[in-house]
Amino acid sequence: MMSGCVGLLAAGLGGCSDKNDIEPVPNLSEAATYSGTSLELYYNGEQMPGKRAVVKVTDDVAELAFDSSFDLSMLTGMGLTGELPAPGVTPGDSRLVLTASTKPGDGAYVLSGEGATDYVTFDYSGRVEKDKMVFNLSDVKLANQSLSGSVFAPAPIEGDMLSGYSSMPFHLVWELDSMAGIDIPLSDVLRMIATAPVIPVYEGTAYTSVAQAFYSLVKTIALTGSGNMPVMYVSTLGGAAHVATTCGNMLQYVPSESGIRLYLNPLQVVSEALLALSDNKDDAKFDFSSLLKRAPSVHAEAAGGDMSVDPALTRAMIGVFLKALAPQIEGGIPLTVSPSPSGADIYLDTAASVTFLSTLLRDALQNHEILAKLQDYLTGASLPGVNPENLSDLLQKLPQYLMKTTRLEIGLSLVRR
């Protein structure tokens, strides 16, 4: 008589069967979109933000599509609007599509399996709920492992404009059509611009150069077998200088015939740059104080102070990079890799370099403070073959010279570690 559940108790407490406590799986016969806080995506154990997943489940078979875009209006104060197409979740493809069998779980579809594209192989597992999706890409490996395990550091600055640079962290080559009748050493002009202390720091009481800043702050760039490119750099989080590492999947790559294609996550790049260069003492930022100690060409007019780059200048530079590289971000930025005796030069080809430099020059030459400091520096440096009195005119004409360019290569000069 007591077998089973007592009717009244069963009615009052919902019975004694555990099945009644299991949440039903969501109805995903119509495609559901997960992004932002509703999508928790991991790539080899590190979270990958800024992506989107569209999921449809029919008869316990899930169709999943991952892609990405970046809302330019998030960059406040830059006047940028619209959506910037961005890379997908695996290097080499702007969109990843998977079909997977699912197992109904407690209020979710559970899935796992193996996948592959033309560029990578991987395992995957995930859980899809009505309002939340967790997805893991694990054991991701590039199909082409030719560059796997390479670790580089910026080449040191050795030499000067008068005697010539035997080493510097940037690869800079600029040649014009010989029929143009312009006899100006433009490669030297680029090197002078890169080494000119024109970036205001310490609230304008000191200046540093792009080359010195890059060499002092960036420690290593690694090319891993998973396609990730983690960068180690100097940070002063909490006030103490230490070496930090970017999120591994912020920069990714795949080998190509001429070198690599670089895939960057705009959301992570912008967040990392703004945080690193923030003048908020509670945020992580590059260690500019150590840079000053190592840069004899940079002098502070006052002791002490917070050495941080002008936030307006930081935002402007981020804007320049995004505008210059935007057309190639989704499909990967093509970079030539040229081996050198000590490492490798990695740089944009002529077409991409022209686009990048024209955007950079147009924006930089509109910054009166930078332009004035650059003219002062170039005048004192006595560039061979250039009359100091003509420097202002030369700088303004640099964008015009791009129209007569036959070879332009802009990138990094790296030494192997």
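Relevant structure appears above.
Residues numbered from 1 in each chain as written. Predicted model: local features only at pLDDT ≥ 70, side-chain atom pairs only at ≥ 80, totals over all residues. Heavy atoms only, no water.

Engineer: Would you take a moment to explain the overall build of the chain for this structure?
Structural biologist: Across its full length, the chain carries 9 helices and 24 strands. A burial count over the chain gives 46% of its 417 residues as buried. A sequence separation of at least 24 residues applies to 62% of the contacts in the chain between residues at least 6 apart. In the structure as shown, the chain presents an accessible area of about 20,400 Å², 53% of it carried by carbon and sulfur atoms. (Helix = DSSP H or I, 4+ residues; strand = E, 2+ residues; numbered from the N terminus. Buried < 20%, exposed > 50% of the residue type's maximum accessible area, 1.4 Å probe, protein only. Contact = heavy atoms within 4.5 Å. Areas by Shrake-Rupley, 256 points an atom, 1.4 Å probe, with all protein chains shown as cover.)

Engineer: Could you clarify how one ought to interpret the pairing of strand S14 (residues 170–176) in this entry?
Structural biologist: Across a regular strand the side chains alternate sides, sitting on one face of the sheet and then on the other. With 6 of 7 residues buried, S14 is to be regarded as a mostly interior element. By the bridge criterion, 7 bridges tie S14 to strand S24 (residues 405–416) in an arrangement that is antiparallel. The residue of S24 that forms the bridge with Val173 is Glu409. (Pairing = 2+ DSSP bridges.)

Engineer: What's the story with the side chain of Thr90 in this structure? I'm lost.
Structural biologist: With respect to the helices, strands and loops of the structure, Thr90 is situated in the loop between strand S6 (83–85) and strand S7 (96–104). In this structure Thr90 comes out as buried when scored by relative accessible area, which is 2%. Ignoring any residue separated from it by four or fewer positions in sequence, one finds Thr90 in contact with Tyr43, Leu96, Thr117, Val120, Phe122, Leu137 and Gln252.

Engineer: Just to check I follow, could you spell out the nonpolar core for this structure?
Structural biologist: Generally speaking, nonpolar side chains in soluble globular proteins are found buried as a group. Among the nonpolar cores identified, the biggest contains 84 residues, and Leu64, Phe66, Met133, Phe135, Trp174 and Leu398 are the most heavily contacted of them. With sequence-adjacent residues up to four places away left out, Leu64 is seen in contact with Val54, Val55, Leu96, Val97, Leu98, Ala100, Leu111, Met133 and Phe135. (Core = buried A, V, L, I, M, F, W, Y, C linked by side-chain atoms within 4.5 Å.)

Engineer: So what exactly am I meant to see when it comes to the pattern of salt bridges here?
Structural biologist: Pairs may arise between side chains of opposite charge once their charged atoms sit close together. Following the criterion strictly, the structure yields 7 salt bridges and no others. For Asp67, the salt bridge is made with Arg52, and the minimal N-O distance between the two is 2.8 Å. Taken together, the residues span a long stretch of sequence, with Asp67 in strand S5 (residues 61–71) and Arg52 in strand S4 (residues 51–58) at a distance of 15 residues. Assessed through its relative accessible area of 17%, Asp67 is described here as buried. Looking at Arg52, the relative accessible area reads 34%, which means it is partly exposed. Here Glu175 makes a salt bridge to Arg407, at a shortest N to O gap of 3.3 Å. Separated by 232 residues along the polypeptide, Glu175 in strand S14 and Arg407 in strand S24 bring together distant segments of the chain. When salt bridges that share partners are traced, they join Glu175, Arg407 and Glu409 into one network. (Salt bridge = Lys/Arg side-chain N within 4 Å of Asp/Glu carboxyl O.)

Engineer: Honestly, the packing of aromatic side chains in this entry has me stumped. Any pointers?
Structural biologist: For any pair of aromatic rings, the description rests on two quantities: the centre-to-centre distance and the angle between the ring planes. A complete count under the given rule lists 4 aromatic pairs for this structure. For the pair Phe66 and Phe135, a centre-to-centre distance of 4.9 Å together with 40 degrees between the ring planes defines the contact as tilted. You can see Phe66 sitting in strand S5 and its partner Phe135 sitting in strand S10 (residues 133–142), a full 69 residues away along the chain. An identical accessibility class is assigned to Phe66 and Phe135; each is buried. (Phe/Tyr/Trp six-rings, centres within 6.5 Å; stacked < 30°, edge-to-face > 60°.)

Engineer: I keep staring at the environment of Pro154 and nothing clicks. Help me out?
Structural biologist: Here Pro154 lies in strand S11 (residues 150–154). Classification of Pro154 by relative accessible area gives buried; the value is 3%. Separated by 61 residues in sequence, Pro154 and Tyr215 place their C-alpha atoms 5.7 Å apart. The residues contacting Pro154, other than those within four sequence positions of it, are Pro169, Phe214, Tyr215, Val218, Lys219, Ser413, Leu414 and Val415.

Engineer: It is not clear to me how helix H2 (residues 186–195) should be interpreted in this structure. Could you clarify?
Structural biologist: One turn of the α-helix equals 3.6 residues, which is why residues spaced by three or four share an orientation. The element H2 is largely enclosed, with a buried count of 7 among its 10 residues. Taken as a whole, H2 has its buried residues at Leu186, Ser187, Val189, Leu190, Met192, Ala194 and Thr195.

Engineer: Help me understand helix H9 (residues 391–401), please; the structure alone is not making it clear to me.
Structural biologist: Within the span of H9, buried status applies to Leu391, Leu394, Leu395, Leu398 and Tyr401. Here the buried residues of H9 occupy an arc of 110 degrees about the axis, which is enough to place them on one side. (Arc of directions from axis to C-beta.)

Engineer: How do you make sense of the packing of H2 against H9 when you look at a structure like this?
Structural biologist: Two quantities define a packed helix pair, namely the angle between the axes and the distance from one axis to the other. Running from N to C, H2 and H9 point in directions that differ by 120 degrees, and their axes come no closer than 12 Å. Classified by the angle their axes make, H2 and H9 are oblique. Our pair here, H2 against H9, has a crossing hand that is left-handed. Together, Leu186, Val189 and Ile193 of H2 and Leu394, Leu398 and Tyr401 of H9 make up the contact between the two elements. (Axes fitted to C-alpha atoms, helices over the stretch in contact; angles between N-to-C directions. Parallel < 35°, antiparallel > 145°, perpendicular 65-115°, else oblique. Left-handed = near helix turned anticlockwise from the far one by under 90°.)

Engineer: How do you make sense of empty space enclosed by the protein when you look at a structure like this?
Structural biologist: One simple way to see leftover space: roll a probe sized like a water molecule over the atoms. For the coordinates displayed, the defined rule picks out 3 cavities of 30 Å³ or more. Lining the second largest cavity, in full, are Met48, Lys51, Pro87, Gly88, Asn249, Met250, Gln252, Tyr263, Leu264 and Asn265. (1 Å grid on protein atoms, 1.4 Å probe; cavity = no way out; pocket = protein on both sides within 12 Å on 5 of 7 lines; lining within 4 Å. Points joined across faces, edges and corners; volume = space filled by probe spheres on them.)

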